[in-house]
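# Understanding the architecture of this molecule
Here is what each chain is made of, one letter per residue.
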Amino acid sequence: IRKICALVLFCWVGIANATPQDLKELVQNVAQNPLFLAKDSQTQALKKEKEALYNEYLPKVALGYAYQSTTNPDIFYPTRVDGAFLEAQWVVFDGLKREGKFDIANYKLKAKESEKQSTKEQIQLKIIQAYFSALSVESRLLALDNQQKELQESIYKYQRFYDVGLA
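Here the structure is a predicted model, which means the values were calculated and not measured.

## Here's the deal with the environment of A88
Relative to the helices and strands, A88 is located in strand 2 (residues 80-89). The exposure class assigned to A88 is exposed, which follows from its relative accessible area of 71%. As for A88 and L63, which are separated by 25 residues in sequence, their C-alpha atoms are 8.7 Å apart. Filtering out sequence-adjacent residues up to four positions away, A88 remains in contact with K60 and V61.

## Details of the side chain of K112
Mapped onto the fold, K112 is located in helix 4 (residues 97-164). Setting aside residues no more than four positions away along its own chain, K112 makes contact with Q42, T43 and L46.

## Describing the environment of K108
Relative to the helices and strands, K108 is located in helix 4. Considering only alpha carbons, one finds K108 and K47, 61 residues apart in sequence, at a separation of 9.5 Å.

## Digging into helix 4
In this model, helix 4 (68 residues) spans 100 Å end to end at C-alpha, consistent with the 100 Å of a helix rising 1.5 Å per residue. Positive phi appears at G165, one or two residues downstream of helix 4, with a value of about 100°.

## Digging into the packing of aromatic side chains
Going through the model one piece at a time under the given rule, you end up with 3 aromatic pairs. Summarising the aromatic geometry, the rings of Y131 and F132 are spaced 5.3 Å apart at their centres and angled 90° between planes, so their arrangement reads as edge-to-face. Taken together, the ring pairs in this structure connect Y54, Y57 and F102 into an aromatic cluster.

## What to know about the nonpolar core
The tendency in soluble globular proteins is for nonpolar side chains to be buried as a group. In terms of nonpolar packing, the biggest core is built from 8 residues, these being L23, V27, V30, L35, F36, I123, I127 and Y131. Of all the elements in the fold, those that place two or more residues in this core are helix 2 (22-28), helix 3 (34-56) and helix 4. Non-local contacts of V30, meaning those with residues more than four positions away in its chain, are made with F36, K120, I123, Q124 and I127.

## Some thoughts on a nonpolar patch on the surface
On the surface, W90, V92, F93 and L96 cluster together to form a nonpolar patch covering roughly 540 Å² of accessible area. Position of W90 relative to the elements: it lies in the loop between strand 2 and helix 4.

## Quick notes on helix 3
Taking 1.5 Å of rise per residue, 23 residues should cover 33 Å, and helix 3 covers 33 Å from first to last C-alpha, within 8% of that figure. Three or more residues of helix 3 are buried, namely L35, F36, K39, T43, L46, K50 and L53. The N-terminus of helix 3 is capped by N33, whose side-chain oxygen sits 2.7 Å from the backbone nitrogen of L35.

## With respect to the confidence of the model for the chain
Model confidence for the chain is summarised by a mean pLDDT of 86, while 87% of its residues fall at 70 or above. When the elements of the chain are averaged for pLDDT, helix 1 (residues 2-15) gives the smallest value, 49, and helix 3 the largest, 95. Contacts of residues 5-9 to residues separated by more than four positions or lying in other chains number 4 contacts, the stretch itself having pLDDT below 50.

## A word on the environment of D94
With respect to the helices, strands and loops of the structure, D94 is situated in the loop between strand 2 and helix 4. Judged by its relative accessible area of 23%, D94 is partly exposed. From its side chain, D94 meets the backbone nitrogen of R98 in a polar contact 3.1 Å long.

## Looking at the pairing of strand 2
Taken residue by residue, a regular strand's side chains alternate between the two faces of the sheet. Little of strand 2 is tucked away: 0 of the 10 residues are buried. Two strands pair when backbone bridges link them, and strand 1 (residues 60-69) and strand 2 are joined in this way by 10 bridges, in the antiparallel orientation. Within the sheet, the bridge partner assigned to S69 lies in strand 2 and is R80.

Reading the values: the criteria
Residues numbered from 1 in each chain as written. Predicted model: local features only at pLDDT ≥ 70, side-chain atom pairs only at ≥ 80, totals over all residues. Heavy atoms only, no water. Helix = DSSP H or I, 4+ residues; strand = E, 2+ residues; numbered from the N terminus. Buried < 20%, exposed > 50% of the residue type's maximum accessible area, 1.4 Å probe, protein only. Contact = heavy atoms within 4.5 Å. Expected span 1.5 Å × (residues − 1). Phe/Tyr/Trp six-rings, centres within 6.5 Å; stacked < 30°, edge-to-face > 60°. Core = buried A, V, L, I, M, F, W, Y, C linked by side-chain atoms within 4.5 Å. Patch = residues over 30% accessible without salt bridge, like charges linked within 9 Å, V, L, I, M, F, W, Y side chains within 5 Å. Areas by Shrake-Rupley, 256 points an atom, 1.4 Å probe, with all protein chains shown as cover. Salt bridge = Lys/Arg side-chain N within 4 Å of Asp/Glu carboxyl O. Polar contact = N/O pair within 3.5 Å; in protein donor to acceptor, adjacent residues only side chain to side chain. pLDDT = per-residue confidence, 0-100. Pairing = 2+ DSSP bridges.

As structure tokens, this is what we get:
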């Protein structure tokens, strides 16, 4: 909420000197907003988690070499043992657990993308509201300036009538 308030204040200050065509630019620049960038980063992180989940079920192969040296050899523990090994692992069927995990990951990703889109639209709405609020304040200020000028002219006319003796 603080970030949104700061954004509105920032936009209001920037809008005070803006022209009507700048509203389009302000709305298009939502992609540079820190709150929107944070939501985008969260979405990218969920995409990476989904990719890691897919990679978890790929076949795995491990190749290695083992060496052991014993200082006190006996019949059960020889002086030196070494050898190569190869391990392969592949989950063929896990009781449909994999499909459930994939569905959960897809739903989380869709929810996060919807949240990102909602955040973008909320920020755009705040920008538009602040923009038109600034335009309203500017028009009220202009109306008050014109009213002040009219009052000054009326005072000047009344003073001239008073000086001549007509009032």
